[in-house]
Amino acid sequence: MHLTARSLLPALPALLVIAAATGCAPQDTSTEADATASGSAASSCDPGTMPTEAKGKLTVGTDKPAYAPWFQDDDPASGKGFESAVAYAVAKALGYEKNHVVWQTVPFNNSFAPGEKNFDFDINQISISDEREKAVDFSSGYYDVRQAVIALKDSPYAKATNAAGLKDAKLGAQVGTTSLDTINQIIKPTREPAVYQKNDFAKSALRNGQVDAIVVDLPTAFYITSAEVPDAKVVGQFADSAGAAERFGLVLDKGSALTTCVTKAVDGLRADGTLAALEKRWLSDAVDAPVLK
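A quick note: this is a predicted structure, and the numbers were derived from the prediction, not measured. (Residues numbered from 1 in each chain as written. Predicted model: local features only at pLDDT ≥ 70, side-chain atom pairs only at ≥ 80, totals over all residues. Heavy atoms only, no water.)

### Description of the pattern of salt bridges
For the record, the criterion: A pair is scored as a salt bridge if a Lys or Arg side-chain nitrogen falls within 4 Å of a carboxyl oxygen belonging to Asp or Glu. The way it works is that DSSP assigns letters per residue, a run of H or I at least four long becomes a helix, a run of E at least two long becomes a strand, and they are numbered from the N terminus.
With the rule as written, the count across this model stands at nine salt bridges. Linking K203 and E228 is a salt bridge whose minimum nitrogen-to-oxygen distance equals 2.8 Å. With a gap of 25 residues between them, K203 in helix α4 (residues 199–207) and E228 in helix α5 (residues 218–228) connect regions that are remote in the sequence. Connected through salt bridges with shared partners, the residues D200, K203 and E228 form a single ionic network.

### Some words on the side chain of S179
Quick note on the threshold: Polar contact is defined as a pair of N or O atoms within 3.5 Å, subject to the rule that within protein one atom must be able to donate a hydrogen and the other to accept it, and that residues adjacent in sequence are counted only when both atoms are side-chain atoms.
Relative to the elements of secondary structure, S179 occurs in helix α3 (residues 178–187). Looking at S179, its side chain comes within polar contact range of the main-chain oxygen of V215, at 3.5 Å.

### Things to note about the state of the cysteines
This is how the line gets drawn: Cysteine sulfur atoms are paired as a disulfide whenever they fall within 2.5 Å. Remark: exposure states derive from per-residue accessible area (1.4 Å probe, protein chains only) relative to the maximum for the residue type, with buried under 20%, exposed over 50%, and partly exposed in between.
Scanning the model with the defined rule gives one disulfide in all. Disulfide partner of C45: C261, at an S-S distance of 2.0 Å. Looking along the S-S bond of the C45-C261 disulfide, the torsion reads about -90°, which is the left-handed sense. Remark: C261 occurs in helix α6 (residues 259–271) and C45 occurs in the segment before β1 (58–62); sequence separation between them is 216 residues. We note that C45, like C261, is buried.

### Points about the packing of aromatic side chains
The cut-off we apply is this: Between rings of Phe, Tyr and Trp, where Trp is taken as its six-membered ring, a pair exists when centres lie within 6.5 Å; planes separated by under 30 degrees are stacked, by over 60 edge-to-face, and by other angles tilted. By definition here, charges over rings are those cases where NZ of Lys or CZ of Arg is within 6 Å of the ring centre and within 35 degrees of the ring normal.
For the coordinates displayed, the defined rule picks out 10 aromatic pairs. Every member of this aromatic cluster is reached through a ring pair, and the members are W70, F82, Y142, Y143 and F248. Above the face of the Y88 ring, K98 is positioned so that its terminal group lies 5.2 Å from the ring centre. R132 extends its terminal NZ or CZ atom over the ring of F112, reaching a point 4.2 Å from the ring centre.

### Things to note about unusual backbone geometry
Backbone torsion omega between K64 and P65 reads 5°, so that peptide bond is classified as cis. Inspection of the secondary structure puts P65 in the loop between β1 and α1 (82–93). Residue P69 is bonded to the preceding A68 through a cis peptide linkage, with omega at 0°. Topologically, P69 is positioned in the loop between β1 and α1. In this structure, Q125 is a non-glycine residue whose phi angle is positive, near 50°. Inspection of the secondary structure puts Q125 in the loop between β3 (121–122) and β4 (136–145). Even without a glycine there, the phi angle at K188 is positive, about 50°. Within the secondary structure, K188 sits in the loop between α3 and β7 (194–196).

See below:
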């Protein structure tokens, strides 16, 4: 229930846009330079000359636990799960094979907080936003996402068809996420939302009846309801607000010399269909869900 540096060598081929679900917005084929902070460009994107955290290695950050379907078995280094696979695809585009990728545990909120980073890029369902770009750089987006509401099947809120139907609910979300922003800015409940440090705490609160519903990104919502809280259901998803898609991006240190290289890598993986193929493989269970008006 979460809510972010790549690039490439030569330009890569052209994209196949996939939309396995109306809830998972398709990858945009356009270059997303507007989503990338203006970090200084590396003089070269050659792995031998890039100023990485550890010489000859690419250090990738993510939180722990590392949740499915983004990672599998809490093991980012496995290459299994959408974000693990994306991280290794970006690394390969940058010239780093799997045995030259080092994983670093980075708490979610620390990844985009001001200050020097101990990773080359972080991948952890972190949405690109103007506010976060004041403190860090982002690559272009590697996944378009929507926020979704989960409630227990026997809850009256499980029948909600719009934001108004959730206004009196006790809602929960992880701190610092766009899921929490969705509660505060779109649902605008009459009761103060419950804020949790980790997704696991929010899921436990839902299970135990401490909250009526929680808000997470759509793929996570489908995973939770199918594998973790089977007594819950996906109530619905929210459409992109103001016509702007919410995108996850890779997070880099502010002004990182790697930002341009990482963004080129992400753009190349989008253009040659790699991101679409990985989305289809790892996120195909995130199928259609009703849109909450």
